[in-house]
Every structure is written in structure tokens, then in C-alpha cells.
Amino acid sequence: DDFGPSRYHRIDQIVRPDSPISPERFKELENEWGKWEFSDAKKDQRPQEDYCAAYPNRDIPRAEFPPQAWQTDKEYLDKWLVQGLQLVDRGMEAILAEYGRGKKDMPEADFEERSKLFAIRKVQDGKGFSGKGYAPGGTELSHRAWDGLVRRLLHAVMTNDSFNVILGGHSAAAGHGNHFKQAYIMQFHKVAEPVFALLGMDLTSRNLAQGGLGTLEHSLGARSMYGSDVDIQLWDSGMTEGRDPRAVDLFHRQSILGSDRAPLQLGDQGGHISILHEHGDADVGMIGEGNQGLLPTIGSEEQAQNVPYAVRYMKCTPDRGDLCKQHKYQGKCWIDGQWDQYNPTNQNKEPGSRVNWHPGNRFHQILGRNLAFTVLLALKEGLQKWKDAPDYALPDEAWHVTAYYQNIQNKVRNIPDSVGACPQGNPALSKRFCNMGVRYAATEFTPRPFPDATSLQSIMVKANEGYGGGGVPHYTQPMVYTGPGPHNPSFDIPEGQIDVLAIVSNGRDIPPYPVQPKPQRHRQLDGEPIESGLGWQPSDMRNGYCDGTWNMECNRPADEQCLLSGHADSRGGWIFGGLSGWMVFNLKDVRDGLIALKIETWHSQKEVSIAQDWTTVNGKLRRRNLRSVAEIEEEQATDDNNNDERMMAQQEERELKQPPPGYCPEFRFEYAIDGEVVASLDQNQFGAWMKPVQRVVEIGVVMDDPNFEGPKDVQLAIRQVGCAQSSLKAMKLTHVYWS
């Protein structure tokens, strides 16, 4: 993909200890737990080329491994597979010990008994999943999904491939009220990434959940918005979409059809995933919260100090609910006096949005550990299968994935319209969204994968002048600091408690923290017949590189009031009004004749402050209006400086309760394809074209032509005409979808 997110570039996913670990401490851990001790005596003799890359999905036949490849070196595998199995066992045992279920805690119990906290429930024929909400125990998977997970992991190990775990959801899934790294998908990554790395895999985990929203606006372009190489896709949006089966079904279908890997689907809506299992052969399951009935109940502070740190204050007696409530969250916005080079004075005491429906850090942690335990157990089965094969010659059909993925995608693509909620959904959406993977999308919403490649800015056509001389509107607020920042004691594990990360990292050579990728240059074509206008303005954007991963550096402007929060979710977009002019986009590789826009229609002209004194389209080109938007961003900063979902909800409530700005008689909304205006809509026509498909989600379909002759590049231009008075209507473009 030239445009799409597939391996566009990756940032470092390495999990480094929050505090330095001394050699003496590592030696203590080695004596108790063991360590990774493998080294390759033939390292200098190994092939240097990526010999798997020439095959679809890296499915190299075993007979085609080159001479000296490690995958066929029996002497190598004799030692490596033993070390790998010991590493995986070490990870699972450390997780159990973290929750008071280790070998020392329960000396008479076997592994099966001790692991009941995270016991996987396999569901026969994909039926019988728990209803709604997290499964009350370990992960629930169909038998086929379990076998598929083992296959995916074994394939990734044998081909040194990446493995990608992606979460879409609402504020609770995002981890609001906590630090970003305390959210459960990050807690999964924290303990799984070192194991994957030592086994030669690149684990990427992305928390792409957003406060106050569902998943629909990203699902419509899941290939770009969630990724094209996803292995496990989680849906966790029950509070915002649990009553909208169309959105849930759309999410899972586009996740399967949009990815090259037909990912395992984990959710908390058992009925929807059962349909995909039955009719699409999809790998499906339910997110588990662990068997929390096995956790100790706390009735006093003294009791709390005598149970493992991971379970303190998770369950309290009815008369001491105050203890659990008091210790539900653990986090700070800044540590005064700790970092001399920057000592902000505008910091809140703690991350915002600590409301009763948002779980605290310990609940997030057990969700993440539950997922990690599931994946490690499947990884162990895969490694054992390889070890048990005669001479380690595992048949290709036991670990290749291309035919496996194609079977799932072909069957999901051909599910009849009479089956499932998606095809029965809102008539505003083409049914093709339910049976065709949309190839591309662009937005300013964050977080999102590969944000430079998936931004609206990346497809904007440069204007001849304006925007501070750059020709493209852009967001310019600088980061207060880059890199990992100051130490956050909220992540510290008390002395004497189980540190899973330290145990599984022992023996790993961890490189220094890297310099993160710089923004990429925009793609432009020359000679466009319609010129981009000068009055488009950024709204609610985040600075930095906001890709939802462990080491992302995002949302650190000078006016941010919780710099250590780490959260990145925002509803960014471009405000435009009656004098803003056209905005032109280059849509590359249109193949299926489908183009759609998501636009917020409730904004007012007063928000287009770049054009506040203009009386004509694009205005008089005064120097003040040729600025690079930095001054405007500073004016908006007090509105955009907090991730707190309550602020977002209050602002949204004000916007939606009061009547939206009105239209004027001369209002028109126009869009053009390849320089030709194909629609000029008045108020009534625009209202019929721009259809609501979910709360605060309105979609307009520009093109839906199954007979489109592609692939080819298409130039799209949109603009509003009229209604320039400050009290009248303006709009905000947030997403463009095309396929």
C-alpha cells in the first residue's frame, strides 16, 4: 500500500522498566525464576535477506527455507524451543504469582487449579457465549478460534513476523480516569511484548478507543483506521453501541474484510460474533475479566496490606466499600520538583473522568493479564506442537495462514443480506459496507495507526498561497517535551511484590529509548483544475505522534493540564464555512467506486476565526491571514487542552441541546469529482443527503458506483457557499472514506 497503513513505518514498541533494575536484582530473579539464556552460535552464518517476504503472508514452504536458516537447524531448535517454552511458562507463572496463585502460594495445587483465575472457556460450535459484558472468567473462544490463535502465533514465530492487537471502543476501554499505560490493552502489552521480542516477533498493541463515541466512524474505514495487518481485534463499546447491533456487526465485518489477516474477533456481545462464526467461519470470542470470585475480599487496611499488590482493594466487604472506592485509581498529572527542565504550574491533581462507570487501574490490569495469559497459553501450545514434530519438520498446512484467511474473508464477504444486523442497518449506508472491505480512510481523529499516512492533511492538495506560506492547513502547537518524560511513581510496584515485566525481561538486551519518527511529507499532484481554498481551520487536534501504542508521544502542548495522562483521544477535524473556499483531496487507488464523508453540521461561522474579517471567498490576503494557524490554535487552546470526557460531554451537550446555527437562503454545499461539480445542494437537498447513522455521526455518500472502472486516482473537492455571518452555519470535516 502506498497510502494505507500497512508497514508504513513503525515506532519502537519495546517495553522498558519504569525504574532501573539493578544487576543484583536481576540475579535474584534469575535464581528464583530463571532467565532467557539462548544465544545463536551460528549467527554470522545465517541468511541476511528476509527470505519470507516473497511469499503471501510470509507463507514460505518449509522446503524453501534457505540453507542455514534457523527454522530448519535441528541443533538450534533443540535449545531454542526448550528456552522458548520455559520463557512462556515463566510469563504465565509470574502472572499467577502476581495474583497470589503461584507455586509458593498454592504448593499443593497443580497448574490447572492455580490458573482457574484465567481459565479459558472453549465454546462448542461458536454457540453458548456469555451474553453481554465481559465474560465472567477467562477468555471465551470457539474451538476453531482457539486453533486459529495457535496457528497465527506459530506462524508469527516461524516467520519472524509482526503480531498486532488492536482495541476499538469507548471511554472505559480507553482507560479514562487512569493513565493511558494503565488501560488494559497496554497492560497486556506490558507483559507480552518482552516474550514476543525474545522469540523474534514484533508485538504492536494499539488502544484506539475514544471517549464519548462508539466505533462506527472508524469501522467504515477499518483498514486505515485500525490497520491492515491485525491479528486480534477487540470491540469494547457496550455503553455507547451495545444497543446498536448494526454498528457491532459492521465493526467485526470490516475488521475481517479490511485486514489482510482476517483477525480473531473478541467482543462483549456474544450473539453477534456467533453469527460470524456460523456463517463466516470467523475466529470469535469474548473478552474475559478473570474469575474475580477467587480474589480475596478486604475488610480492613491491615488485610489489604497482607494480600498481593495486584488484588488490593479490588473486592471489599459490604461495610468497607469505602476502601475500594478510595483506592480505585492511582495516578498523577505531574510530579512537582522531579524534572527541573520543565516544571508546569497548570497541572491538575489527577487524570480526569473518574466517574463511577470507569474502571480503575487494577480492574484494567486484570483484564490485560487475562488476555496475556490466553495468548501465552496458545503460544505454548504452538511451540509444543513444533517441538513434538519429527525432526521439527512441522507440515506447512499446520502453520500457513493464507488459505485460512481467504476462507474466512470469502465466507464473510458472501454472507446473505438476510443474515446479521449490518445489511439490515441504516439506509444511509450502502450495503456494500457490509460485504466489501473499504480500502482507505483519512481523519484527524486520534489515536489512529500511522497518523501521518492516515490524516486528512496527507491527502489535501496544496493551495497556491496562504497558511503561513505552506499552502496546506496544518496543526503547529509544539510539544513541551519529547521522549519518555519524567518517572511516574504511579506505575511503581512496591518492594517484595511480583514484577512480571522484570521476570520476563531477564536476559533481554534492551536498547535505549529511540527518537520517534518525524512527520512525513504530504503527497501532492500538480495541475488540479480546482484550487484549494485558504479558510480551512484545525479543530480539537492533538500534537505529537498519536498512534495508540505503548511508546506514543502525544498531546503535550504547553496548556495541557495533565501531561502525564498519556491519553490521545480527540475528535479532530477541519472547520470550514461560507468563505473558506474549496478543499481539494487526492484520493489514490479508487477501485470500487465508493466515496463517503463524515461531517459535523452543527458548527457556526464564528469558529472559523481565520476568516473572521473576510467578506469574500478566501478573503483579502492580509498578512494576518497568512499565518500558519499557530495564533488561532492558541486562541482555541483553552477549549482543547483536556482529555477529560466530562468536558467533552458537557460541550457536546451544549452544542446538541441548543438549536444548531441556521442556514441562509443562499446556502449551498457542493462537491466536485476530477474538477467537475457534480452536486450543488441547497438546505433541503443537503439535509436529505447528509444522513445521521448514529449519535453525532452523519454520513454523506459522494459516490456509490459498483460499475466504477478502476483502479485510478480521483480528485475530490468540497465547499460550503453562503452563510458567512458569524451566527450562521459552518461545518467540520472529520473523515473521508474511499475504496
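Before reading further, recall that the structure is shown in the block above.
A short tour of the structure in this document, coming up. (Residues numbered from 1 in each chain as written. Predicted model: local features only at pLDDT ≥ 70, side-chain atom pairs only at ≥ 80, totals over all residues. Heavy atoms only, no water.)

## Some remarks on the sheet that holds strand β3 (residues 162-169)
Ordered in space as β1-β2-β7-β6-β5-β3-β4, the seven strands form an open sheet in which the pairing is mixed. The two strands at the open ends of the sheet, each matched to only one other strand, are β1 (121-123) and β4 (202-207). Averaged over all adjacent pairs, the angle separating strand axes in this sheet is 20 degrees, with direction ignored. Bridge analysis of strand β6 (residues 264-267) against strand β7 (residues 284-286) gives three bridges, and the strand direction is parallel. Counted as the bridge partner of G267 is M286 from β7. Its contacts with the sheet place helix α10 (residues 245-258) against β3, β5 (232-236) and β6, and it is angled at close to 165 degrees to β5. (Pairing = 2+ DSSP bridges. Helix = DSSP H or I, 4+ residues; strand = E, 2+ residues; numbered from the N terminus. Axes fitted to C-alpha atoms, helices over the stretch in contact; angles between N-to-C directions. Contact = heavy atoms within 4.5 Å.)

## A look at the packing of aromatic side chains
According to the stated counting rule, one finds 25 aromatic pairs in the structure shown. With a centroid separation of 5.6 Å and 50 degrees between ring planes, the pair formed by F163 and F196 is classed as tilted. Taken together, the positions of F163 in strand β3 and F196 in helix α6 (residues 184-198) put the pair 33 residues apart, joining distant regions of the chain. Judged by its relative accessible area of 0%, F163 falls in the buried class. For F196, a relative accessible area of 0% puts it in the buried group. Centre to centre, the rings of Y663 and F667 are 4.7 Å apart; their planes meet at 80 degrees, and the pair counts as edge-to-face. Feature note: the residues W36, F38, W70, Y76, W80 and W386 constitute an aromatic cluster, connected by ring pairs. Sitting over the ring of Y663, K729 keeps its end group 4.7 Å from the ring centre. (Phe/Tyr/Trp six-rings, centres within 6.5 Å; stacked < 30°, edge-to-face > 60°. Buried < 20%, exposed > 50% of the residue type's maximum accessible area, 1.4 Å probe, protein only. Lys NZ or Arg CZ within 6 Å of the ring centre and 35° of its normal.)

## Details of the sheet that holds strand β16 (residues 676-681)
Spatial ordering of the open sheet is given by β13-β19-β15-β16, a layout of four strands whose pairing is antiparallel. In this open sheet, the two strands that pair with only one neighbour each are β13 (583-590) and β16. Strand-to-strand twist in this sheet, taken as the mean axis angle between neighbours without regard to direction, amounts to 20 degrees. Bridge count between strand β15 (residues 668-673) and strand β19 (residues 712-721): six bridges; the pairing is antiparallel. Each bridged residue has a counterpart across the sheet, and for E670 the counterpart in β19 is R719.

## Overview of the state of the cysteines
Counted by the stated rule, this structure contains five disulfides. The disulfide partner of C316 is C324, and the gap between their sulfur atoms is 2.1 Å. Residues C316 and C324 share a disulfide whose torsion about the S-S bond is about 100 degrees; that sign makes it right-handed. With respect to burial, C316 and C324 carry one shared label: buried. Two residues share a disulfide in this structure: C422 and C434, whose sulfurs sit 2.0 Å from each other. Classification of the bridge connecting C422 and C434 rests on its S-S torsion, roughly -85 degrees, and on that basis the disulfide is left-handed. Here C422 is found in the loop between α15 (402-413) and α16 (432-435), whereas its partner C434 is found in helix α16, with 12 residues between them in sequence. The same class applies to C422 and to C434, which are both buried. Regarding the disulfides, the chain carries the connectivity 1-2, 3-8, 4-5, 6-7, 9-10 under sequence-order numbering of its bonded cysteines. (Disulfide = S-S within 2.5 Å.)

## What about helix α14 (residues 361-388)?
Between its first and last C-alpha, α14 extends 40 Å over 28 residues, near the 40 Å set by a 1.5 Å rise per residue. Counting buried residues in α14 gives 20 out of 28 residues, a clear majority hidden from the surface. (Expected span 1.5 Å × (residues − 1).)

## Notes on unusual backbone geometry
In this model, T446 is joined to P447 through a cis peptide bond whose omega is 0 degrees. In this fold, P447 is placed in the loop between β8 (440-443) and α17 (500-505). With a phi angle near 55 degrees, N57 is a residue other than glycine that sits in the positive phi range. Note that N57 resides in the loop between α1 (23-33) and α2 (74-98). Assessed through its relative accessible area of 25%, N57 is described here as partly exposed. Of note in this structure, D540 is not a glycine but carries a positive phi near 55 degrees. With respect to the element layout, D540 can be found in the loop between β9 (537-539) and β10 (544-545).

## Quick notes on the nonpolar core
Ranked by size, the top nonpolar core spans 97 residues in total, and within it W80, L199, L234, L379 and W386 carry the most contacts. Among the elements that line this core, the one with the most residues is α2, at 12 residues. Contact partners of L379, with chain neighbours within four places excluded, come to V88, L153, V157, V195, L199 and M201. Formed by 38 residues, the second largest nonpolar core is a distinct cluster that contains I459, I595, L681 and M731. (Core = buried A, V, L, I, M, F, W, Y, C linked by side-chain atoms within 4.5 Å.)

## Focus: the layout of surface pockets
A volume near 1,200 Å³ is recorded for the largest pocket. If you trace the largest pocket, you find 47 residues lining it, with I493, Q497, I498, D499 and I503 closest to the centre. Counting residues per element, the ones that place at least two in the lining of the largest pocket are α1, α2, α6, α14 and α17. Per-element accounting of the lining of the largest pocket gives the leading share, six residues, to α2. Class assignment of the residues belonging to the lining of the largest pocket gives a composition of 16 nonpolar, 14 polar and 17 charged. (1 Å grid on protein atoms, 1.4 Å probe; cavity = no way out; pocket = protein on both sides within 12 Å on 5 of 7 lines; lining within 4 Å. Points joined across faces, edges and corners; volume = space filled by probe spheres on them. Nonpolar A, V, L, I, M, F, W, Y, C, P; charged D, E, K, R; others polar.)

## Quick notes on the environment of G352
As for its placement among the helices and strands, G352 is situated in the loop between α13 (321-326) and α14. Measuring from C-alpha to C-alpha, the distance between G352 and G177 comes to 5.3 Å, with 175 residues separating the pair along the chain.

## A short note on the pattern of salt bridges
The full count for this structure, using the stated rule, is 34 salt bridges. We note a salt bridge from R354 to E350, for which the minimum N-O separation is 3.1 Å. Among the ionic contacts, a cluster of salt bridges with common partners joins D40, K42, R46, D73 and E75. (Salt bridge = Lys/Arg side-chain N within 4 Å of Asp/Glu carboxyl O.)

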